[in-house]
Amino acid sequence: MSLQALLDATPDGGTCVIPAGDHTIPEGTGLVVPHGVAAIDATGATIRVVGPDGQRSTVPPTVPLFDCGQRPNGSTFTFRGGHLIGPDTSGWDDHTDVPHGAIRWSYYKTWDSVMTVDGVTVEGGYGYGVMRSGGGTLTITNSFLSGWVGAVACFEGHGGHGSFTA
């Protein structure tokens, strides 16, 4: 079963368990996390972005790897475990623009929402390991995050509030 099919089959309020082992995602694609999924547990899983030849991609991403966005205010979401390997950046021009995160949760006015990232490793060419916007609480523990621009990005607007703990 594909990773997207696993996510789509997860019941509302449930946890999508990504099996341990190696998984590949073709460059230029991403996984859309359905609104009702409360958590992803990728403990023991390695997820790699690959090119058409099956080798590690070298192409800048055009979408987030895991798009957890569009959740309503008051939502909670946890991403636990996993080693996410984005494209190899060694041949990229210094001015390459990569505005996508490996894990992204973005929806305006979500000040009462909580996102937790625990035990996740992100490497390679996503702009950020984790991108969170809309306010609310972001907590990152026991993780190693990197990105083309930075490890984490937190954005808030619309006169709201948020907090970040690492």
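Caption draft 1: Quick peek at empty space enclosed by the protein. If you walk through the whole model with that rule in mind, you get 1 cavity of 30 Å³ or more. Looking at the largest cavity, its volume works out to about 30 Å³. Residue lining of the largest cavity: Glu27, Gly28, Thr29, Val49, Ser57, Val59, Pro61, Pro87 and Tyr126, and that is the complete set. In the lining of the largest cavity, the residues fall into 5 nonpolar, 3 polar and 1 charged.

Caption draft 2: Summary view of the packing of aromatic side chains. All chains considered together, the criterion is met by 3 aromatic pairs. Seen from their ring centres, Phe66 and Phe79 are 4.9 Å apart, and the 80° between their planes marks the pair as edge-to-face. With Phe66 in strand E6 (residues 66-67) and Phe79 in strand E7 (residues 76-80), this pair connects stretches of sequence that are 13 residues apart. Each member of the pair Phe66 and Phe79 is classed as buried. Judged by centre distance (6.3 Å) and plane angle (80°), the rings of Phe77 and Trp105 are edge-to-face. Taken together, the residues Phe77 in strand E7 and Trp105 in strand E9 (residues 101-106) connect sequence positions 28 residues apart. As far as the burial class goes, Phe77 and Trp105 line up, both buried. Across from the ring centre of Trp105, 4.3 Å away, lies the NZ or CZ of Arg132, which sits over that ring.

Caption draft 3: Structural detail: the pairing of E7. Inspection of the sheet shows strand E4 (residues 39-41) paired to E7 by 3 bridges, in the parallel sense. Among the inter-strand pairings, Asp41 is bridged to a residue of E7, identified as Arg80. Bridge count between E7 and strand E10 (residues 114-118): 5 bridges; the pairing is parallel. Bridged to Phe79 within E10 is Val117.

About the criteria used
Residues numbered from 1 in each chain as written. Predicted model: local features only at pLDDT ≥ 70, side-chain atom pairs only at ≥ 80, totals over all residues. Heavy atoms only, no water. 1 Å grid on protein atoms, 1.4 Å probe; cavity = no way out; pocket = protein on both sides within 12 Å on 5 of 7 lines; lining within 4 Å. Points joined across faces, edges and corners; volume = space filled by probe spheres on them. Nonpolar A, V, L, I, M, F, W, Y, C, P; charged D, E, K, R; others polar. Phe/Tyr/Trp six-rings, centres within 6.5 Å; stacked < 30°, edge-to-face > 60°. Helix = DSSP H or I, 4+ residues; strand = E, 2+ residues; numbered from the N terminus. Buried < 20%, exposed > 50% of the residue type's maximum accessible area, 1.4 Å probe, protein only. Lys NZ or Arg CZ within 6 Å of the ring centre and 35° of its normal. Pairing = 2+ DSSP bridges.

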